[in-house]
Structure formats: C-alpha cells, structure tokens
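# Per-entry structural report
Here is how the chains run, residue by residue.
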Amino acid sequence: MFVRLIYPDEVIEVLQKQYERVFMEKELAGEMYVDNDLVCCTNIGKQVFPNTITRLMKRKIEELELPSIRFHDLRHTSVSLMLSIGIHLLSKKEVSDPLEIEEKFCDQKRDQKVEKVAV
C-alpha cells in the first residue's frame, strides 16, 4: 500500500535547503564524512540522536523564556492543530489512542461550530 503525502511549499523549501547544507558539509568534511543518506545528521554525516534534539529544544525554550514543554508534546499539539483546520493525515486504523481522542475532540468542536452557524 502506498500513501501519497502532500507537503506545503514551505516544507519542500526547508528540505531543499537542508539537502544543500548536507551537500556542503559533505564537501567540507571530505573523507571524514560518513554518508548514511540522512536528512538530519551531524556535520560529518553521523546520526543525530533524539536526546540531542531535546537538549537543543530545551536550551532554545529557556533562551526565549517560553513555558517548558516536552518534545513529545509537540506531536500532539501539531496533530490537534492540523485536525482543527481539517487536515486528516492518518486513517482510523493508523491512529494511536491519544491521537484518536484528539481527532474525536476536533470533530466535536467542528460539529459545534456548524451547529452554531446553522442556528
């Protein structure tokens, strides 16, 4: 089974810039570069570990004086926001319980808005 994903132009632009950055780092590192064909990697091509991303995010949150949030929480927030504007990325079979709850919540909110407009 194939799933066709449609990305906004902004996402494509970011991926293209990332590809160019990785290509430049490959050139600069020369023989030291380990080509693992990764989109996100260190400047010598090695895997970026999840705790690295979490540490960078935490540092940026503190720097910007924002409320603390776990990296994992962004998953639920982004899905809730997408569902609230009518973007359904997953079928019911592919949805984990927390996401299914969020989808039902968003469906209820949408139905409430429709009822208010109809009245």
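Before any of the text, the structure's been laid out above.
This is a predicted model, so every value here is computed, not measured. (Residues numbered from 1 in each chain as written. Predicted model: local features only at pLDDT ≥ 70, side-chain atom pairs only at ≥ 80, totals over all residues. Heavy atoms only, no water.)

## Topic: the overall build of the chain
To keep things clear, this is the line we draw: Secondary structure is summarised from DSSP: a helix means a run of H or I of at least four residues, a strand means a run of E of at least two, and numbering begins at the N terminus for each. Working definition: with a 1.4 Å probe on protein chains only, accessible area under 20% of the residue-type maximum means buried, over 50% means exposed, and in between means partly exposed. Only heavy atoms matter for contacts: two residues are in contact if any of them lie within 4.5 Å across the pair. Exposure was quantified through the Shrake-Rupley algorithm and a 1.4 Å probe, taking into account, for residues, occlusion by the shown protein chains and nothing else.
Looking only at helices and strands, the chain has four helices and zero strands in total. Counting all 119 residues of the chain, 15% fall into the buried class. Contacts spanning at least 24 positions in sequence make up 8% of the contacts within the chain whose residues lie at least 6 apart. Split by element, the accessible area of the chain, about 10500 Å² in all, is 61% carbon and sulfur.

## Details of unusual backbone geometry
The backbone of aspartate 37 shows a phi angle near 55°, a positive value even though the residue is not glycine. Within the secondary structure, aspartate 37 sits in the loop between helix 1 (9-29) and helix 2 (50-63).

## Side note on the side chain of glutamine 18
Following the sequence through the fold, glutamine 18 ends up in helix 1. Each residue touching glutamine 18, except ones within four places of it in the same chain, is listed here: Val39 and Cys40.

## Focus on the environment of asparagine 36
Within the secondary structure, asparagine 36 sits in the loop between helix 1 and helix 2. Taking the C-alpha atoms as reference, asparagine 36 lies 7.1 Å from lysine 46; in sequence the two are 10 residues apart.

## Some details on helix 1
The test is simple: Each helix should span, by expectation, one fewer than its residue count multiplied by 1.5 Å. Summarising the geometry, the arc corresponds to the directions from the helix axis toward the C-beta atoms.
In this model, helix 1 (21 residues) spans 30 Å end to end at C-alpha, consistent with the 30 Å of a helix rising 1.5 Å per residue. Of the residues making up helix 1, those classed as buried are Gln18, Val22, Glu25 and Ala29. The buried residues of helix 1 occupy an angular sector of 60° when the element is viewed end-on, so they sit on one face. The exposed set on the far side of helix 1, more than 90 degrees from its buried face, consists of Asp9, Lys17, Tyr19, Glu20, Met24 and Glu27. Directly after helix 1, the chain includes glycine 30, whose backbone phi takes a positive value near 60°.

## Here's the deal with helix 3 (residues 71-84)
For helix 3, with 14 residues, the first-to-last C-alpha span of 21 Å sits near the 20 Å given by 1.5 Å per residue. Every buried residue of helix 3 is listed here: His76, Val79 and Leu83. Along the long axis of helix 3, the arc covered by the buried residues comes to 65°, so they all point the same way. Following helix 3 by one or two positions, glycine 86 has its phi on the positive side, about 90°.

That's the geometry; what it means functionally is another story.
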